[in-house]
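Summary of the model geometry
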Amino acid sequence: MNRKQFFIVMSIALVSFLATVDMSIVNTALPQISNDLHIPMNQAEWISSAYLILICMSLILFGKLGDQVSKSRIFQLGTLLFTVSSLVCGLSQNLVVLLIARCFQGLGASMTMATNLGIITETVPFSLRGRALGINTTIGQVGYIAGPAMAGIILSFANWNWIFLFNVPIGIFAYFFGEFVYDKTKIKPEKIYIDWPGFSSLAVLIGLFFIGIFMGQETGFNNPLVIGCFILSAILLILFIYIEQHVEEPILALSLFRNIGFTISIIALMLMYIIIYFNNVLLPFYIQDTLKFSPSHTGLLMSVLPVVNVFTAYIGGVLCDKYGAVFMSIRASIIFVIAELIFALMQPNHTLMLMLLGFVVFSTANGLFQNNPMVMENASKDQQGIAGSILALSRNVGFTLGLSISTSILYTAMSVKNGHKITTYPTGNDQLFVFGMHFTYMIAAVIMVGVTIMLLWLQRNKKQA
């Protein structure tokens, strides 16, 4: 990688870090935000949900615009919008302003997520692409995993506003650094075409689907409004597929999914991100409520995950260039299974080193799993933007489903074990939580075994082809 290519990758990775850290850092601060703004916790949770929903609703649009206009220009505009809205979030003093700013922050993050991988694949030669994508992927994942630890550090000496304000100087630097390193391309408005009916149906169905999930977690999934959201989402999905099959330039090229390598890579990626969220949900409860560690010590222990990830990610990229993305991802998925089994067997009376070993094994698997190269190498050059958007959408859907699935499995297991419904940590009955946690991690191990089988099949069929 020459100097310019390295600078472009690092500039993109820096913004990726900011966009992903904001997915998890806010969750830790929600109790304080709820108290300071004098709002109930269920309203405060929409501060986190609004960001994620807006990202998922707009990813495909910005990926398409990136392919037609300029990926770097869309990326830079997203960086600027994210930075300005972060400032507004940090200065807001009421829920309405904060929610509106979070929506714009989600739009800015979506613009960067939809175009970052396409910029890298267009800039870096194929022989170094795995390394470059590995750097961006890992720094982005480090941001997500490091969110709770960073929130604990910030909230230990400052108020919640600073979890947003710390983005501002970094975002300003990233924007001007990007202006320096990215190639300037001219916009050609006459060539811009957007399939608005297709985009609208897709955006609304994604929005309704996520709203249904978040409402279901609050009120129960048998709520008529929740059921209605899912039914409308299904109808809109059918409508979306019909529209895409009958327009000249669809917003989402469904032909991409005829490529079995692309489809399996997307499914494997989404399942992996579901598993990543299991840790974000379960481990803070286990460390703080079961092991009785303080919030600051919990954040310190959780920081082991991103620290190890930094080292394993680069190694994963280098090995990917040498052995291939599928080869490396198979090995990583097996290591994921081992990590989930460690978490499924650890007990409160075990030495802390067993849990730390699980952290190291999990972060190693996370760094070695080469999902981005697997996806992007199965898309043509003129579809890199939309492929990157689908990849980012799958990642965010995985995070959302990870939250829903992990809590649903956890609470169901504890409820069955205890004989009545439980929807929170069972204070005074730590072993009941440990039982539920073990069961959830066993399900996670089974999911990763399934991912391993899928990737083995993909590798075998590639060799035969």
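Coordinates for the structure precede this section.
It should be emphasised that the depicted structure is a prediction, and the values quoted were computed from it without experimental measurement.

**Examining the overall build of the chain**
When its secondary structure is counted, the chain shows 17 helices and zero strands. Seen along its three principal axes, the alpha-carbon backbone of the chain occupies a region of about 65 × 55 × 45 Å. Residues classed as buried in the chain amount to 58% of the 465 residues present. Excluding contacts between residues fewer than 6 apart, the proportion of contacts in the chain whose partners are at least 24 apart in sequence is 82%. Counting every atom, the chain has about 19,200 Å² of accessible surface; 69% of that belongs to carbon and sulfur.

**A closer look at the pattern of salt bridges**
Oppositely charged side chains may form a pair once their charged atoms are brought near each other. Within this structure, the stated rule accounts for three salt bridges. Residue D22 is joined to R102 by a salt bridge in which the shortest nitrogen-to-oxygen separation is 3.2 Å. With D22 in helix 1 (residues 3–37) and R102 in helix 4 (residues 95–123), the pair connects residues that are 80 residues apart, well separated along the chain. The burial state of D22 is the same as that of R102; both residues are buried. D430 is paired through a salt bridge with K292; the nearest N and O atoms lie 3.3 Å apart. Placement of D430 in helix 17 (residues 430–464) and of K292 in the loop between helix 10 (260–290) and helix 11 (295–302) is noted, with a sequence separation of 138 residues between them.

**Some details on the nonpolar core**
Core analysis: the largest hydrophobic core is formed by 147 residues, its most contacted members being I25 and F369. For this core, the element with the most residues is helix 10, which contributes 18 residues.

**Points about empty space enclosed by the protein**
With the rule as written, the count across this model stands at two cavities of 30 Å³ or more. Size it by volume and the largest cavity reaches roughly 180 Å³. What lines the largest cavity is a set of 21 residues, among which S16, T20, N116, G140 and R395 lie closest to the centre. For the lining of the largest cavity, the residue count by class is ten nonpolar, ten polar and one charged.

**Looking at the layout of surface pockets**
Any empty space left between the atoms is revealed when a probe the size of a water molecule rolls over them. Its volume calculated, the second largest pocket comes out at about 650 Å³. Sorting the residues of the lining of the second largest pocket by element identifies helix 8 (196–219), helix 9 (224–244), helix 10 and helix 16 (384–418) as the ones contributing at least two each. Sort the elements by how many residues they give to the lining of the second largest pocket and helix 9 lands first, with six residues. Taken together, the residues of the lining of the second largest pocket break down into 20 nonpolar, three polar and no charged.

**Digging into unusual backbone geometry**
Phi at H38 takes a positive value of approximately 60°, unusual for a residue other than glycine. By the secondary structure assignment, H38 is in the loop between helix 1 and helix 2 (41–68). A residue is classified by how much of its surface remains accessible, and H38, at 72% relative accessible area, is exposed. Unlike most non-glycine residues, K292 shows phi in positive territory, near 65°.

**What about the packing of aromatic side chains?**
Counting across every chain of the model gives 17 aromatic pairs. Measuring from centroid to centroid gives 4.9 Å for Y425 and F433, while their planes differ by 40°, and the two rings are tilted. Each member of the pair, Y425 as well as F433, is classed as buried. Through pairs of rings, three or more aromatic residues link up here, namely F336, F343, F359, F362, F369 and Y441. Sitting over the ring of F327, R331 keeps its end group 3.6 Å from the ring centre.

**As for the packing of helix 1 against helix 3 (residues 71–91)**
Here helix 1 crosses helix 3 at 45°, and the two axes come no closer than 11 Å. With respect to helix 3, the element helix 1 is oriented oblique. Read as a crossing pair, helix 1 and helix 3 show a hand that is left-handed. Residues I12, V15, L18, A19 and D22 of helix 1 form the contact with helix 3, whose participating residues are F75, T79 and F82. Broken down by class, the residue content of the contact of helix 1 with helix 3 amounts to six nonpolar, one polar and one charged.

**Some remarks on the packing of helix 3 against helix 7 (residues 167–181)**
Two elements in contact, helix 3 and helix 7, have axes whose closest approach is 9 Å; the angle formed by their N-to-C orientations is 160°. What the angle tells us is that helix 3 and helix 7 run roughly antiparallel. Crossing angle aside, the handedness with which helix 3 passes helix 7 is left-handed. Residues Q76, T79, L80, F82, T83, S86 and L87 of helix 3 form the contact with helix 7, whose participating residues are N167, V168, G171, I172, A174, Y175, G178 and E179. Residue composition of the contact of helix 3 with helix 7, by class: seven nonpolar, seven polar and one charged.

**Focus: helix 1**
Along helix 1, the largest kink reaches about 55° and is centred on A29; proline P31 follows within four residues of it. Just beyond helix 1, the residue with positive phi is H38, at close to 60°.

**Structural notes on the environment of L165**
Relative to the elements of secondary structure, L165 occurs in helix 6 (residues 162–165). You can call L165 buried: its relative accessible area is 15%. With 126 residues separating them along the chain, L165 and I39 place their C-alpha atoms 21 Å apart. Excluding residues that lie within four positions of it along the chain, L165 makes contacts with L87 and G90.

Calculation notes
- In this convention, every chain numbers its residues from 1, walking through the sequence in written order.
- Reporting of local features is limited, given that this is a predicted model, to residues whose pLDDT is at least 70; pairs of side-chain atoms are given and counted only at 80 or more, and all residues count toward the totals for whole chains, interfaces and linings.
- Neither water nor hydrogens contribute to the side-chain values; these are computed over all heavy atoms in the structure.
- By definition, any uninterrupted DSSP run of H or I lasting at least four residues is a helix, any uninterrupted run of E lasting at least two residues is a strand, and each is numbered from the N terminus.
- Only protein chains enter the accessibility calculation, which uses a 1.4 Å probe; a residue whose area is less than 20% of its type maximum is buried, one above 50% is exposed, and one in between is partly exposed.
- Throughout, a contact is declared for two residues whenever any of their heavy atoms are within 4.5 Å.
- In these tables, accessible area is a Shrake-Rupley quantity obtained with a 1.4 Å probe, and a residue counts as shielded only by the protein chains included in the view.
- Criterion for a salt bridge: a side-chain nitrogen of Lys or Arg within 4 Å of a carboxyl oxygen of Asp or Glu.
- Within this scheme, the nonpolar core is defined by two criteria: the residues are buried Ala, Val, Leu, Ile, Met, Phe, Trp, Tyr or Cys, and they are joined through side-chain atoms within 4.5 Å.
- Computed over the protein atoms alone on a 1 Å grid, cavities are sets of points where a 1.4 Å probe fits but cannot get out and pockets are open sets with protein on both sides within 12 Å along at least five of seven lines; a residue lines them when it has an atom within 4 Å of a point.
- Grid points are joined across faces, edges and corners, and a volume is the space filled by probe spheres set on the points.
- Under this grouping Gly is polar, as are all residues other than the nonpolar Ala, Val, Leu, Ile, Met, Phe, Trp, Tyr, Cys and Pro and the charged Asp, Glu, Lys and Arg.
- For Phe, Tyr and Trp, rings pair up if their centres lie within 6.5 Å, where Trp contributes its six-membered ring, and each pair is then called stacked (planes under 30 degrees apart), edge-to-face (over 60) or tilted (otherwise).
- Here, a charge over a ring is recorded when the distance from Lys NZ or Arg CZ to the ring centre is within 6 Å and its angle to the ring normal is within 35 degrees.
- Orientation is described by axes fitted as lines to C-alpha atoms, over the contacting stretch for helices, and by angles from 0 to 180 degrees between their N-to-C directions.
- Each angle is binned into one of four classes, with values under 35 degrees roughly parallel, values over 145 roughly antiparallel, values of 65 to 115 roughly perpendicular, and all other values oblique.
- The crossing is said to be left-handed when, going from far helix to near helix, the turn is anticlockwise and less than a right angle, and right-handed when the turn is clockwise.
- What we call the bend at a residue is the angle made by axes fitted to the seven residues finishing there and the seven residues starting there.

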